[in-house]
Amino acid sequence: MLNLIIFGPPGAGKGTQSERLLQQYSLQHISTGDLLRAERAAGTDLGNQANEYIAKGELVPDAVVIGMVKNFMLAHTEAKGFIFDGFPRTTPQAEALDAMLADFNAQIGIVLGLEVNEDELVTRLLLRGQSSGRADDQDESTIRNRFQEYQNKTLPLQGFYQSQGKYQGVQGIGEVGAIYDSLCAKIDKVLG
Ligand code: B4P
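The sections below set out a description of the structure shown in this document. All figures in this text were calculated on a predicted structure; none of them were measured in a lab.

**Let's talk about the pairing of strand 4 (residues 110-115)**
Walk down a regular strand and you will see the side chains alternate between the two sheet faces. A large share of strand 4 lies buried, amounting to five of its six residues. Bridge analysis of strand 1 (residues 4-7) against strand 4 gives four bridges, and the strand direction is parallel. Each residue of the ladder has a partner; that of Leu4, found in strand 4, is Ile110. Note: strand 4 against strand 5 (residues 167-171), five bridges, orientation parallel.

**Considering the environment of Phe87**
Examined against the element boundaries, Phe87 turns out to sit in the loop between strand 3 (82-85) and helix 5 (91-103). On the basis of relative accessible area, Phe87 is assigned to the buried category, the value being 0%. Each C-alpha atom of the pair Phe87 and Gly33 lies 8.7 Å from the other, and the pair is 54 residues apart in sequence.

**Here we look at the pattern of salt bridges**
Applying the stated rule across the entire model yields ten salt bridges. Residue Arg144 is joined to Glu118 by a salt bridge in which the shortest nitrogen-to-oxygen separation is 2.7 Å. Placement of Arg144 in helix 7 (residues 140-154) and of Glu118 in helix 6 (residues 118-132) is noted, with a sequence separation of 26 residues between them. Here Glu118 falls in the partly exposed class, since its relative accessible area comes to 32%. Linking Glu149 and Lys153 is a salt bridge whose minimum nitrogen-to-oxygen distance equals 3.1 Å. Taken together, the residues Glu149 and Lys153, both in helix 7 and four residues apart, mark about one turn of the helix. When its relative accessible area of 11% is taken as the criterion, Glu149 is described as buried.

**Brief notes about the site of the ligand**
Surveying the vicinity of the ligand reveals 29 residues, the closest of which are Gly15, Thr32, Glu58, Arg128 and Arg146. Between the ligand and the protein, one listed contact pairs an oxygen atom with a side-chain N or O atom of Arg37 at 2.9 Å. Contacts to the ligand include Arg89, whose side-chain N or O atom sits 2.9 Å from a nitrogen atom. The fraction of the free accessible surface of the ligand (1,000 Å²) that becomes covered by protein chains is 86%. Looking at the shell around the ligand, the elements that each hand over two or more residues are helix 1 (14-24), helix 2 (32-42), helix 6 and helix 9 (176-191). At four residues, helix 2 tops the list of elements feeding residues into the shell around the ligand. Taken together, the residues that form the shell around the ligand break down as eleven nonpolar, ten polar and eight charged.

**Some thoughts on the pairing of strand 1**
Burial along strand 1 is two-sided: the face carrying Leu4 and Ile6 and the face carrying Ile5 and Phe7 are both buried. Looking at chain direction, strand 1 and strand 3 are connected through three bridges and run parallel. What sits directly across from Ile6, in strand 3, is Asp85.

**So, the environment of Val65**
Positionally, Val65 belongs in helix 4 (residues 62-74). On a C-alpha basis, the gap between Val65 and Pro88 in space is 9.0 Å, while along the polypeptide they are 23 residues apart. Every residue in contact with Val65, bar those within four places of it in the chain, is listed here: Thr32, Val60, Phe87 and Gln93.

**So, the packing of aromatic side chains**
Scanning the entire structure with this criterion turns up six aromatic pairs. Ring centres of Phe7 and Tyr167 lie 6.2 Å apart, and the angle between their planes is 90°; on these two criteria the pair is classed as edge-to-face. Of this pair, Phe7 sits in strand 1 while Tyr167 sits in strand 5, and the two are 160 residues apart along the sequence. Exposure class is identical for Phe7 and Tyr167. Each is buried. A ring pair is formed by Phe82 and Phe84, whose centres lie 5.7 Å apart and whose planes are at 35°; its orientation type is tilted. A relative accessible area of 0% places Phe82 in the buried class.

Reading guide: rules and limits
- Residues numbered from 1 in each chain as written.
- Predicted model: local features only at pLDDT ≥ 70, side-chain atom pairs only at ≥ 80, totals over all residues.
- Heavy atoms only, no water.
- Buried < 20%, exposed > 50% of the residue type's maximum accessible area, 1.4 Å probe, protein only.
- Helix = DSSP H or I, 4+ residues; strand = E, 2+ residues; numbered from the N terminus.
- Pairing = 2+ DSSP bridges.
- Salt bridge = Lys/Arg side-chain N within 4 Å of Asp/Glu carboxyl O.
- Near = heavy atom within 4 Å.
- Polar contact = N/O pair within 3.5 Å; in protein donor to acceptor, adjacent residues only side chain to side chain.
- Areas by Shrake-Rupley, 256 points an atom, 1.4 Å probe, with all protein chains shown as cover.
- Nonpolar A, V, L, I, M, F, W, Y, C, P; charged D, E, K, R; others polar.
- Contact = heavy atoms within 4.5 Å.
- Phe/Tyr/Trp six-rings, centres within 6.5 Å; stacked < 30°, edge-to-face > 60°.

Laid out in structure tokens, this is it:
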């Protein structure tokens, strides 16, 4: 079972690269951003609560996100492996993920970090905001707040996974196909 995390700041290309990787390696995709937006679109209590945080560029509380991921994994016990996209984003989420995978007798094989500078990220997100309809991509101060959340709460996870020898950084600027090739090379090395 291959389980991988695609890691990086908002707009680094996690969703973009996940779409390709999951086909290549037959993995089940878990994007917490997509799951939260689906809850909001369905008008559930969870979705409405989450939207208050997303709209401000803040992280949604750990308990909400962890519960959602747990339910998703339990509904996909047939999966050959998971690609975690945008999860974990905090240390408690990372610890919960290790515990959930242990229940599957599994663990994280590799953490792929997309490394992109902040100016490029702002440009990408504002551009996406013109067509995506995502309010959190349309206002620069909300985007800057997302980066602040990333610096404070998510970036420490890089050290968490580096200390386990699992973190592999990749330059996330350039052609989508070239970045994808670099990611595959890292995965193939782990798979042997
Ligand atoms: P997400 O949906 O995870 O949003 P993201 O970080 O903005 O997206 P991603 O990095 O996947 O960017 P993409 O590939 O689309 O989260 C949204 C919000 O949900 C969070 O702010 C938070 O509030 C909440 N949330 C989600 N997960 C949570 C968790 N675990 N805990 C708490 N809260 C959580 O790429 C962005 C743009 O760049 C696209 O337009 C794409 O086309 C473009 N692009 C991609 N690669 C490119 C390249 N190489 N060159 C040029 N452009 C590129």
